[in-house]
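# Overview (structure and organization)
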Amino acid sequence: MAISKENTRPIDMQRINNASIAQKFIDEQVSLLKRQIGSGKVILALSGGVDSSVTAALLLKAVGSNLTCIHVNHGLLRKNEPEQVIKVFKEELGADLIYVDATDRFLDKLKNVSEPETKRKIIGKEFIDIFDEEARKLASDGSYKFLAQGTIYPDILESDGVKAHHNVGGLPEGVKFELVEPVKFLYKDEVRVVGKALGLPDNMVYRQPFPGPGLGVRCTGAITRDRLNALREADAILREEIAKLNPTPWQYFITVPDIKSTGIKDGKRIMGWAAVIRCVDTVDAVTATVPEIPFNLLKHITERITKEVEGINRVLYDLSPKPIATIEWE
Ligand code: XMP
């Protein structure tokens, strides 16, 4: 299906590859957003990913307190992620931010669920339900007319230009949002250049891809809180250590499968989980290779994880390319 004209990137649009072009884009978008929104109010689901963060930062410049961001923590975020979103947007940029800690709600729904696609569906549905509930509360008096989204150009290309937003369909009758999508013509690298020019921190701007279902797909099988916590801590150590490499792999993270093996601690036999290090290099995530990580660094990471993380007694390096293995374990 053809992409509609309003969703087609103008052919004469300059590639945003430096700070001055980014600044020009920011100035233009801010004035366009002011014109579109006027004194209206806008809601945005802020995940902390680069696309929604750049969208939020642009809107803050344009409409300030008329923007309300909703950050839903599904309990499957990486260590310190919600704290960082709150620090950057609420404390530093002064955004009106509603933080919903829905950890219990998600983990209760996911209890004893081991089938990967069922887990994904539960996480996706719950996320939409919570966003809808919050948006509904805000929109009940009709003052919020706009819904902002961090749609980027590959999203449009990949969905043939019909990116109907799930959140809109779920809202009550009579509540209709007009979409606001200031970065919809940008490619990922351009979003990063704009994010940098907006002053967002590097670990937000250069964030590696992170699946929507978050750590849920890396805590394989039925998720338990203790294994999820071990995964989150081990992942934070891995990211801290791998970040010392230059260049860093395209994506790097820990998976903790639902398997225990024998170990020894203080002269006693203990059963523990294995933390699997996954590092991949790729261009488009369709195929991927496994980079060589210095052996000394792998040994250091193993030592840190097994010492610092309760419940983990083994560390493995996943050597499997894609294909045959996918990047995520589930
Ligand atoms: P796979 O595992 O399919 O991953 O080789 C390819 C890329 O996609 C990411 N990924 C996901 N992203 N929701 C997402 O938003 C998902 O359910 C999901 N599963 C995998 C993965 O991290 C990798 O970058």
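In this text the structure is predicted, and so the values were computed from the model without any measurement. (Residues numbered from 1 in each chain as written. Predicted model: local features only at pLDDT ≥ 70, side-chain atom pairs only at ≥ 80, totals over all residues. Heavy atoms only, no water.)

### Re the site of the ligand
Which entries qualify depends on this criterion: Nearness is judged by heavy atoms alone; a residue qualifies as near a molecule or strand once a single heavy atom is within 4 Å of it. We define a polar contact as two N or O atoms separated by no more than 3.5 Å, with the added condition that, inside protein, one atom must be a possible hydrogen donor and the other a possible acceptor, whereas residues neighbouring each other in sequence contribute only through side-chain atom pairs. For the accessible areas, the method is Shrake-Rupley and the probe is 1.4 Å, while residue cover comes only from the protein chains on display. By the convention adopted, Pro, Cys, Tyr, Trp, Phe, Met, Ile, Leu, Val and Ala count as nonpolar, Lys, Arg, Asp and Glu as charged, and the other residues, Gly among them, as polar.
Contacts to the ligand come from Arg120, Pro211, Gly212, Pro213, Trp250, Gln251, Ala285, Lys322, Thr326, Ile327 and Glu328. Between the ligand and Arg120 there is a distance of 2.6 Å, counted from an oxygen atom to a side-chain nitrogen or oxygen. Burial of the ligand by the protein chains amounts to 69% of its free accessible area of 490 Å². Residue composition of the shell around the ligand, grouped by class: five nonpolar, three polar and three charged.

### Section: the pattern of salt bridges
Selection criterion: Any carboxyl oxygen of Asp or Glu within 4 Å of a side-chain nitrogen of Lys or Arg constitutes a salt bridge here. We count a stretch as a helix when DSSP gives it H or I for four or more residues in a row; a strand needs E for two or more, and each element gets its number in order from the N terminus. Exposed residues in this analysis have more than 50% of their type's maximum accessible area, buried residues have under 20%, and partly exposed residues fall in between, with area computed by a 1.4 Å probe over protein chains only.
Within this structure, the stated rule accounts for 26 salt bridges. With a shortest N-O distance of 2.8 Å, Asp189 and Arg15 are connected by a salt bridge. One end of the pair, Asp189, is in helix H8 (residues 188–197); the other, Arg15, is in the segment before helix H1 (19–37), and 174 residues separate them in sequence. On the basis of relative accessible area, Asp189 is assigned to the partly exposed category, the value being 38%. For Arg15, a relative accessible area of 37% puts it in the partly exposed group. Between Arg304 and Glu240 there is a salt bridge, with the nearest N and O atoms lying 3.2 Å from each other. Residue Arg304 is located in helix H11 (residues 295–308), and its partner Glu240 is located in helix H10 (residues 225–242); the two are separated by 64 residues in the primary sequence. The class of Arg304 is buried, set by a relative accessible area of 16%.

### As for the nonpolar core
How we decide: The term nonpolar core refers to a set of buried residues drawn from Ala, Val, Leu, Ile, Met, Phe, Trp, Tyr and Cys, joined through side-chain atoms within 4.5 Å.
Among the nonpolar cores identified, the biggest contains 47 residues, and Ile43, Ile254, Ile305 and Ile312 are the most heavily contacted of them. Ile37, Ala62, Cys69 and Val205 belong to the second-largest nonpolar core, a separate cluster that totals 40 residues.

### What about the packing of aromatic side chains?
The line we're drawing: Two rings from Phe, Tyr or Trp (for Trp, the six-membered ring) form a pair when their centres are within 6.5 Å of each other. A pair whose planes differ by under 30 degrees is stacked, one over 60 is edge-to-face, and the rest are tilted. Here, a charge over a ring means that NZ of Lys or CZ of Arg falls within 6 Å of the ring centre while also lying within 35 degrees of the ring normal.
In total, this model carries two aromatic pairs according to the counting rule given. When the ring of Tyr153 is compared with that of Phe185, the centres are 6.0 Å apart and the planes differ by 75°; the resulting orientation is edge-to-face. One end of the pair, Tyr153, is in helix H6 (residues 153–158); the other, Phe185, is in the loop between strand E5 (178–180) and H8, and 32 residues separate them in sequence. Judged by relative accessible area, Tyr153 falls into the buried class, the value being 6%. Taking the relative accessible area as the measure of exposure, Phe185 reaches 19% and is therefore buried. For the pair Tyr153 and Tyr187, a centre-to-centre distance of 5.6 Å together with 90° between the ring planes defines the contact as edge-to-face. Here Tyr187 lies in the loop between E5 and H8 and Tyr153 lies in helix H6, a separation of 34 residues in the sequence. Take Tyr187: its relative accessible area is 25%, and that puts it in the partly exposed class. Joined through ring pairs, the aromatic side chains of Tyr153, Phe185 and Tyr187 make up one cluster. For Arg218, the ring lying beneath its charged end belongs to Phe253, and the centroid distance is 3.6 Å. Directly above the aromatic system of Trp273 lies the positively charged group of Lys260, at a separation of 4.9 Å from the ring centroid.

### Focus on H8
Stated formally: The criterion used for residue contact is that any of the two residues' heavy atoms lie within 4.5 Å.
By the burial criterion, the buried members of H8 are Glu190, Val191, Arg192, Val194 and Gly195. For H8, the elements touching its buried residues are H1, helix H2 (50–63) and helix H9 (202–205). Among the residues trailing H8, Gly199 stands out with phi positive, at a value near 85°.

Note that all results are geometric; they support no functional claim without further evidence.
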